[in-house]
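Structural overview for review
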Amino acid sequence: MKFSRAIDRMAVDTSTVWGVHQNAIARKEQGEDIILFSIGDPDLPTLDITVNHAINSLKAGRTHYSPGAGELPLRRAIADIETRSSGRSTTVEQIVIHPGGTNAIYTTLSSFLNEGDEIIIPSPMYVGYQGLLAAIGATVITVPLDTVNNFSLDVIAVKQAFSADTRVLFLNTPGNPGGNIITEEQLRELAAFCLERGVWIVCDEVYSMITFGSKHVSLLKAAQSLENVVVIDALSKSHSMTGWRMGWTVSSEDTAARILDFASGTIFGCCQFVQDAAAFALKNDEEYMRAIADEYRVRRDYALERIGRIAGLRANQPDAGMFIMLDVSKVAEDGLVFAEGLLANSGVSVLPGVAFGDTSRQFVRLSLTHPVHIMSKAFDRIERYTVSLQQG
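Report on the accompanying structure. (Residues numbered from 1 in each chain as written. Predicted model: local features only at pLDDT ≥ 70, side-chain atom pairs only at ≥ 80, totals over all residues. Heavy atoms only, no water.)

A cluster of acidic residues, E93, E227, E253 and D254, forms a negative patch on the protein surface. Residue E227 is classed as exposed on the basis of its relative accessible area of 56%. (Patch = residues over 30% accessible without salt bridge, like charges linked within 9 Å, V, L, I, M, F, W, Y side chains within 5 Å. Areas by Shrake-Rupley, 256 points an atom, 1.4 Å probe, with all protein chains shown as cover. Salt bridge = Lys/Arg side-chain N within 4 Å of Asp/Glu carboxyl O. Lys, Arg positive; Asp, Glu negative; His and termini not counted. Charge placed at Lys NZ, Arg CZ, Asp CG, Glu CD. Buried < 20%, exposed > 50% of the residue type's maximum accessible area, 1.4 Å probe, protein only.)

Set out below in structure tokens:
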């Protein structure tokens, strides 16, 4: 029996990417004292009032088919938020609800790309992009971010990567793993450049609500026209709702109608009670958003202070998100070697930088998904392990 080309493309060896994390999980399940810094699943809980709203919605019988584009109250809540933040009137017809940000990305790119078409993506990139791009069969052209300068984007390098076969420029701001923010001016320039060439520009903005100083500006605000623009957002990180699977796309009304064509045939609507809870969360989130951002800032600052005291290690200072990229090039052959040794010798799991592309091969990613008292314990172990490497 034969399988599709798509599944063959996706059936790659993931041991380099997830081997350390999976080993850590297995050891933790056996009762070992393992600290996981290798996955971006928030430890902070979904708000009780949001959970209770979902329960009440379930009890009220909100368990039936939903409109393909999503429930109107949720789309209206998103439209109101985008109108306020972008200064551009946003209608419910511009919004399509998806079961999570990853599905929103897959649906959007599937609507734009044929097998073999080129998509340009800055690197390092979120590890989750790789599987969905393999499924689509796109030709991925990467443009390195500046790993020395906080993973900043080089607009000139992005433009130089374009060819006659380029169909999509895919951006991520605030970025995972780098925590970098693409400026409004850069977004505006790239949106105009793409529009002139008939190229789509898609922006993953799922960390838009977790920033530490520099303000996130959405592509929806920066772009002069939405003709070639799609923005993707979700509640996974901002509201600690990873398992709820709730994301959305915002675009022009014409583009949203075509995205809905694909979503209607593959998803057939999202859970009513989850959408009810999402709409409630978005309307009652101001205080919680501040608390989440403040907590991640405290964890980021603590991690940077500890890293700064460990000779041989260097870290970027992320402007957003829930990760720190740690440069281990002075103490290890590469990030994979460091990550494997750290877990084997110290019981701390981090994600090798090669998971995000060759650009970050000399890095490991640390997730800020533990309170400071746990982080303190982990950094004690990281410091001892790093000293042992330097002592030979």
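Grouped together as the largest cluster of nonpolar side chains are 57 residues, with contacts concentrated most on L169, I201 and L219. Leaving out residues up to four positions away in the same chain, L219 has contacts with L187, A191, I201, C203, E205, V229, V230 and V231. Ranked by size, the runner-up nonpolar core spans 43 residues in total, among them A24, L304, L326 and V331. (Core = buried A, V, L, I, M, F, W, Y, C linked by side-chain atoms within 4.5 Å. Contact = heavy atoms within 4.5 Å.)

Another aspect to go through is a nonpolar patch on the surface. There is a patch of nonpolar side chains on the surface, built from F3, I7 and M10 and spanning about 330 Å² of accessible area. Tracing the sequence through the fold places M10 in helix α1 (residues 5–10). (Helix = DSSP H or I, 4+ residues; strand = E, 2+ residues; numbered from the N terminus.)

The final tally for this structure, using the stated rule, is one cavity of 30 Å³ or more. Approximately 110 Å³ is the volume attributed to the largest cavity. Around the largest cavity sit 15 residues that line it, and P122, P124, L145, N172 and G175 are the ones nearest its centre. Among the elements of the structure, β3 (118–123) and β5 (166–172) are those that each provide at least two residues to the lining of the largest cavity. Per element, the largest residue contribution to the lining of the largest cavity is three residues, and it comes from β5. When grouped by side-chain class, the residues that make up the lining of the largest cavity number 10 nonpolar, five polar and no charged. (1 Å grid on protein atoms, 1.4 Å probe; cavity = no way out; pocket = protein on both sides within 12 Å on 5 of 7 lines; lining within 4 Å. Points joined across faces, edges and corners; volume = space filled by probe spheres on them. Nonpolar A, V, L, I, M, F, W, Y, C, P; charged D, E, K, R; others polar.)

This part covers the packing of helix α13 (residues 335–346) against helix α14 (residues 372–391). α14 packs onto α13 with a crossing angle of 115° between their chain directions and a minimal axis gap of 10 Å. In terms of orientation, α13 and α14 fall into the roughly perpendicular class. Crossing of α13 against α14: the hand is right-handed. Mapping the contact onto sequence places V337, F338, G341, L342, N345 and S346 in α13 and R381, I382, Y385, T386 and L389 in α14. In terms of residue class, the contact of α13 with α14 is built from six nonpolar, four polar and one charged. (Axes fitted to C-alpha atoms, helices over the stretch in contact; angles between N-to-C directions. Parallel < 35°, antiparallel > 145°, perpendicular 65-115°, else oblique. Left-handed = near helix turned anticlockwise from the far one by under 90°.)

Our focus in this paragraph is helix α6 (residues 129–136). Counting buried residues in α6 gives six out of eight residues, a clear majority hidden from the surface. Against α1, α5 (101–112), β3, β4 (139–144), β5 and β6 (200–204) lie the buried residues of α6. Of the residues trailing α6, G137 is marked for its positive phi of about 85°.

Cis geometry marks the peptide bond from T173 to P174, where omega comes out at -10°. Going from N176 to P177, the amide bond is cis rather than trans, its omega being 20°. Tracing the chain through its elements places P177 in the loop between β5 and α8 (184–196). The phi dihedral of S240 falls on the positive side, at around 50°, and the residue is not glycine. Following the sequence through the fold, S240 ends up in the loop between β7 (229–234) and β8 (247–251). Even without being a glycine, F268 presents a positive backbone phi close to 60°. Mapped onto the fold, F268 is located in the loop between α10 (253–266) and α11 (272–283). Residue class for F268 comes out exposed when judged on its relative accessible area of 54%.

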